[in-house]
Amino acid sequence: MAERIAKYLARCGVASRRKAETLIKQERITVNGETITTPAFLIEGNETILFDGEKINKKDKTRLWIYYKPCGLVVSHKDEKQRDTIFDHLPHGMPRVISVGRLDLNSEGLLLLTNDGELSRQLELPENGWSRRYRVKVHGFLNEKRLKELEKGTTIDGITYSPCKITIDSKQTTNAWLTISLNEGKNREIRKLMASIDLNVARLIRISYGPFQLGNLKEGETKEIPSKVLKEQLGKSFTICE
């Protein structure tokens, strides 16, 4: 069955569908030697498709990995500042993958990786209701009343942040460990929330994303989710290639 080239590229793990559309508009994709300029171009799947002159492998079954992202790596295939990216440090033998969302440079912990751009897009949608849970070390004087106010949701610099859950795990005079759960995870959300109540984030570790847990994984390690578990956890609301 014919499908749009942008969707096919996403399924092959080249990029998310939105990013694939950008690559096409940049004239970086060819099909049987023809440069494609529209993401609506239809293919059957048996064509020779190149991305920047490199042949794209045929669609494989959907796979998902948990990766412990170390602090100091950028979640991008190419960084304009020439900084190291997670894709420069993945274990040998990993196929072409893309990330499900991002973690900023100075954050660490669980990052989902997949060879299926469509799955990546689906898992990122806030309406899925999947909670992201973080362990957060903060410096400053903890005001529990202000923390409770943050849990109700707030607006900072014109950006509205949804309600969250904050648990105090331990505290001393000027530092504490918190567990924070979000359902969206906007850009640098936790750092901005903490800064709004005069707390500085010293360490931020994502420990879960929906049903997937970081567990005992060490920095830089990956663990593939078995196909059976993947199907059970995703349910019928997610489309995967088998």
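Nothing here was measured: the structure is a model prediction, and the numbers come from that model.

### Quick look at the overall build of the protein chain
In step 1: Tallying secondary structure elements over the protein chain gives six helices and 17 strands in all.
In step 2: With the C-alpha coordinates aligned to their principal axes, the bounding extent of the protein chain is approximately 65 × 40 × 30 Å.
In step 3: Going through the 242 residues of the protein chain one by one, you find that 44% of them count as buried.
In step 4: Restricting to contacts in the protein chain with at least 6 residues of sequence separation, those with at least 24 account for 67%.
In step 5: Placing the 41 positive and 32 negative side-chain charges of the protein chain at their respective mean positions leaves the two points 4 Å apart.

### Re the nonpolar core
Looking at soluble globular proteins, one finds that nonpolar side chains tend to be buried together.
In step 1: Counting residues in each nonpolar core, the largest one holds 32 residues, and the members touching the most others are Leu-113, Ile-190 and Met-194.
In step 2: When near neighbours in sequence (up to four residues on either side) are disregarded, Ile-190 contacts Tyr-134, Val-136, Ile-180, Leu-182, Val-201 and Leu-204.
In step 3: One finds Leu-110, Leu-112, Leu-230 and Phe-238 within the second-largest nonpolar core, a separate group that totals 20 residues.

### A word on helix H2 (residues 17-25)
In step 1: Those residues of H2 that fall on the buried side of the exposure criterion are Ala-20, Leu-23 and Ile-24. Down the axis, H2 shows its buried residues gathered within 100° of arc, on one side only. Opposite the buried face of H2, by more than 90 degrees, sit the exposed residues Arg-18 and Lys-25.
In step 2: Elements that come into contact with the buried residues of H2 comprise helix H1 (5-11), strand S2 (29-31) and strand S5 (49-51).
In step 3: Just downstream of H2, Glu-27 is the residue with a positive phi angle, here 60°.

### As for the layout of surface pockets
In step 1: One number sums up the size of the largest pocket: a volume of about 1400 Å³.
In step 2: Put simply, the parts of the chain that give the lining of the largest pocket at least two residues each are H2, strand S8 (98-99), helix H3 (117-124), strand S10 (132-139), helix H5 (189-195) and strand S15 (200-209).
In step 3: In terms of residue count, the dominant contributor to the lining of the largest pocket is H2 (four residues).
In step 4: Of the residues in the lining of the largest pocket, the class split is 18 nonpolar, nine polar and 18 charged.
In step 5: Lining of the second largest pocket is provided by 13 residues; of these, Cys-12, Asn-57, Lys-58, Pro-95 and Arg-96 occupy positions nearest its centre.
In step 6: Of the residues in the lining of the second largest pocket, the class split is three nonpolar, two polar and eight charged.

### Observations regarding unusual backbone geometry
In step 1: If you check the backbone angles, Asp-157 has positive phi at about 50° while not being a glycine.
In step 2: The residue Asp-157 is located in the loop between strand S11 (154-156) and strand S12 (159-161) in this model.
In step 3: On the basis of relative accessibility, which here comes to 77%, the residue Asp-157 falls in the exposed class.
In step 4: Positioned with a positive phi, Asp-198 is a non-glycine residue whose angle comes to about 65°.
In step 5: Owing to a relative accessible area of 58%, Asp-198 belongs among the exposed residues under this scheme.

Calculation criteria
Residues numbered from 1 in each chain as written. Predicted model: local features only at pLDDT ≥ 70, side-chain atom pairs only at ≥ 80, totals over all residues. Heavy atoms only, no water. Helix = DSSP H or I, 4+ residues; strand = E, 2+ residues; numbered from the N terminus. Buried < 20%, exposed > 50% of the residue type's maximum accessible area, 1.4 Å probe, protein only. Contact = heavy atoms within 4.5 Å. Lys, Arg positive; Asp, Glu negative; His and termini not counted. Charge placed at Lys NZ, Arg CZ, Asp CG, Glu CD. Core = buried A, V, L, I, M, F, W, Y, C linked by side-chain atoms within 4.5 Å. Arc of directions from axis to C-beta. 1 Å grid on protein atoms, 1.4 Å probe; cavity = no way out; pocket = protein on both sides within 12 Å on 5 of 7 lines; lining within 4 Å. Points joined across faces, edges and corners; volume = space filled by probe spheres on them. Nonpolar A, V, L, I, M, F, W, Y, C, P; charged D, E, K, R; others polar.

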